[in-house]
Amino acid sequence: MKYKSTRGGVAGIDFSQAVLMGLATDGGLLLPEEIPKVSKEVLERWRELSYVDLAYEVMSIFADDIPAEVLREIVERSYSTFSHPDVVPLVKKGKLYIMELFYGPTLAFKDVALQFLGNLFEYLLQQNNSKLNILGATSGDTGSAAIYGVKGRKNMAIFILHPHNRVSPVQQMQMTTVEDPNVFNIAIEGTFDDCQYIVKSVFGDLDFKQRYALGAVNSINWARVLAQVVYYVWAALKFDMPIRVCVPTGNFGNIFAGYIAKRMTGLIDKLILATNENDILYRFVTKGDYSVGKVVPTISPSMDIQVASNFERYLYYLYGEDPQKVASAMEEFRKTGSLSFSSEEMRKVEKDFISGFATQKETLETIKRFYQETGYVLDPHTAVGVKVALELFDERYPTVCLATAHPAKFPEAVRRAIGREPDKPEAIRALEGKKRRFVVLPADVKEVKDYIAQHAI
Ligand SMILES: *Cc1c(COP(=O)(O)O)cnc(C)c1O
């Protein structure tokens, strides 16, 4: 399968090149040249497969330039770090199904993609005889999942900036207790915005970027989307009728994978897009209004975004695969902070998505009520989805809510909702006595560059 850019400046590259490129060189995002349709016969055969076998089947369609036995081995290794035999089990609670995506090493769904991406990068770098120093800023989940994806991998190191004393205690612990020598935690004396600014500035120095082979593992990498497509297919194959999937959404990465799965299989009736008070995507689906607001910090922090980095991929299909139209829309959005859509375009959107949002108060109430009714403890991100899924529930369709994090990652919010903290899984308890490894640096681009220069591989 070949890949192309949403803005038309890249075409005909293969999967490996698309993964190594990350962001397309024309500033767009990479997509497969066609979304494959899976036949009924093949889908029937897939129903029998284990998660790992299904992941291999789905990914091999998209990653056909990776030797089959290599891909299989990478997939097996990536999901052997999950602590549940089904990898992403589906449980029924009340009238909803919950797909638990939090059995990876950092207890959030980002592990599903980043465990795979880390192993894949290691292989591709080895093939190309090259190396990579990953640089990123985090306010939470992405940093720890990226660190666990890269730790111990050959020819790679990772530098993650976080705001000193301003990430949650669990996330700080997950990031800084990793012992592998290729992991560098940098606590910046400043805010998350300072961290992001520094990362942007370092990447902006193209000489420096090239000299130290700097790269990113952010959610726009196609391999991350691909790894996420698998669990939508997995969920749909558990039922003999079309399902709906409810997705607590931030950057539109997870739900975009659902869109690909929907088009590939025809087994998903609608995707339910759930947001917190940062509701730009809710306004898009329900009113055709995609305009930037101010970011409001909430108890579901991984969804606190306004500009959704993967949205451009969906725009490409909404605009009838017209790269010029995407490029000019993105330019307009950059200038005005807003996009509007025709009624014809909105009819297309409504075929794929319905949407709702939850305020923080509603999120806490949902955690409480769901616990009282089912005995099940939701994390605040998952609770946003459950609130919306219940509100929009249609009994004709089995509704699967994606559980994007384990509640023990957000003990404070859970305690506010149900009066006690959630039980700690072994993955957290095992870290508690461990030594923390990080350096504290001032919010200064030069100091960070010096540190990277000294420690890069
Ligand atoms: C990243 C994240 C999300 C949002 O996912 P997107 O792909 O950005 O839409 C939701 N919940 C949790 C727990 C996350 O870490």
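Refer to the structure above for everything that follows.
Nothing here was measured: the structure is a model prediction, and the numbers come from that model.

Tell me about the sheet that holds strand S6 (residues 132–137), and name the residues and values.
Across the sheet, five strands lie side by side as S9-S6-S7-S8-S16; this open sheet has parallel pairing. On the outer flanks of this sheet lie strand S9 (214–215) and strand S16 (439–442), each paired with one strand and no other. Note that strand S8 (residues 183–189) and S16 share four bridges and pair parallel. Bridge pairing in S16 places Ile-188 opposite Leu-441. Against the sheet, helix H5 (residues 110–128) makes contact with S6 and strand S7 (156–163), and its axis sits at roughly 140 degrees relative to S7, the strand it touches most. Sheet contacts for helix H7 (residues 169–176): S7 and S8; angle to S7, the most-contacted strand, approximately 155 degrees.

Give me the lowdown on the packing of helix H6 (residues 141–150) against H7, citing residues and values where you can.
In contact at an axis separation of 9 Å, H6 and H7 are set at 20 degrees when each is read in the N-to-C sense. When the axes of H6 and H7 are compared, the pair comes out roughly parallel. Considering the relative orientation of H6 and H7, their crossing is left-handed. Contact residues: H6 offers Asp-141, Gly-143, Ser-144, Ile-147 and Tyr-148, while H7 offers Gln-171, Gln-174 and Met-175. Of the residues contributing to the contact of H6 with H7, the split by class is three nonpolar, four polar and one charged.

Can you lay out the site of the ligand for me, pointing to particular residues and giving the numbers?
The immediate surroundings of the ligand are formed by 15 residues, with Lys-110, Asp-141, Gly-250, Asn-251 and Thr-404 found nearest. The backbone of Gly-253 places a nitrogen or oxygen atom 3.4 Å from an oxygen atom of the ligand. Protein coverage of the free-state accessible area of the ligand, which is 380 Å², stands at 97%.

Account for the sheet that holds strand S10 (residues 243–248), with residues named and values stated.
Sheet strands associate in pairs through backbone hydrogen bonding, adopting either a parallel or an antiparallel arrangement. Overall, mixed pairing links the six strands, which are arranged S4-S5-S15-S10-S11-S14 in an open sheet. Strand pairing shows two members of the sheet lacking a second neighbour, strand S4 (90–93) and strand S14 (353–357), which therefore form its edges. Direction aside, the axes of adjacent strands within the sheet are offset by 25 degrees on average. Note: S10 against strand S11 (residues 268–275), six bridges, orientation parallel. Paired with Ile-243 across the strands is Ile-268, a residue of S11. Sheet strands touched by helix H17 (residues 380–391): strand S5 (96–100), S10, S11, S14 and strand S15 (399–403). Its angle to S15, the strand with the most contacts, is close to 165 degrees.

So what about the environment of Lys-95? Which residues, and what values?
Summarising the element assignment, Lys-95 is placed in the loop between S4 and S5. In this structure, the C-alpha to C-alpha distance between Lys-95 and Thr-374, residues 279 residues apart in sequence, is 10.0 Å. With near-sequence residues (within four places) excluded, Lys-95 lies in contact with Leu-390 and Phe-393.

Quick one: what's the story with the packing of aromatic side chains, residue by residue and with numbers?
Applying the stated rule across the entire model yields 32 aromatic pairs. Between the aromatic rings of Tyr-3 and Phe-15, the centroid separation amounts to 6.2 Å while the plane-to-plane angle is 55 degrees, which identifies the pairing as tilted. Note that Tyr-3 is positioned in strand S1 (residues 2–5) and Phe-15 in helix H1 (residues 15–21), a separation of 12 residues in sequence. Across this residue pair, the class does not change: Tyr-3 and Phe-15 are buried. Lying over the aromatic face of Tyr-56, Arg-72 brings its terminal NZ or CZ to 4.4 Å of the ring centre. The ring centre of Phe-357 lies 5.9 Å from the NZ or CZ of Lys-387, which sits over that ring.

An account of helix H3 (residues 51–62) is requested, with residue identities and associated values reported.
For H3, built from 12 residues, the straight-helix expectation of 16 Å at 1.5 Å per residue is met to within 8% by its first-to-last C-alpha distance of 17 Å. Turning to H3, its buried residues are Tyr-51, Val-52, Leu-54, Ala-55, Tyr-56, Val-58, Met-59 and Phe-62.

Break down helix H10 (residues 222–236) for me, with residues and values.
Compared with an ideal rise of 1.5 Å per residue, which puts 15 residues at 21 Å, H10 spans 22 Å between its outermost C-alpha atoms and is within 8% of the ideal. The residue sitting at the N-terminus of H10 and contributing the capping side-chain oxygen is Asn-221; that oxygen lies 3.0 Å from the backbone nitrogen of Ala-223.

An account of unusual backbone geometry is requested, with residue identities and associated values reported.
Notably, Asn-129 is not glycine yet its phi reads approximately 55 degrees, a positive angle. The residue Asn-129 is located in the loop between H5 and S6 in this model. One non-glycine residue with positive phi stands out, namely Ala-213, at about 45 degrees. Counting through the fold element by element, Ala-213 comes out in the loop between helix H9 (206–211) and S9.

Thresholds applied
- Residues numbered from 1 in each chain as written.
- Predicted model: local features only at pLDDT ≥ 70, side-chain atom pairs only at ≥ 80, totals over all residues.
- Heavy atoms only, no water.
- Pairing = 2+ DSSP bridges.
- Helix = DSSP H or I, 4+ residues; strand = E, 2+ residues; numbered from the N terminus.
- Contact = heavy atoms within 4.5 Å.
- Axes fitted to C-alpha atoms, helices over the stretch in contact; angles between N-to-C directions.
- Parallel < 35°, antiparallel > 145°, perpendicular 65-115°, else oblique.
- Left-handed = near helix turned anticlockwise from the far one by under 90°.
- Nonpolar A, V, L, I, M, F, W, Y, C, P; charged D, E, K, R; others polar.
- Near = heavy atom within 4 Å.
- Polar contact = N/O pair within 3.5 Å; in protein donor to acceptor, adjacent residues only side chain to side chain.
- Areas by Shrake-Rupley, 256 points an atom, 1.4 Å probe, with all protein chains shown as cover.
- Phe/Tyr/Trp six-rings, centres within 6.5 Å; stacked < 30°, edge-to-face > 60°.
- Buried < 20%, exposed > 50% of the residue type's maximum accessible area, 1.4 Å probe, protein only.
- Lys NZ or Arg CZ within 6 Å of the ring centre and 35° of its normal.
- Expected span 1.5 Å × (residues − 1).

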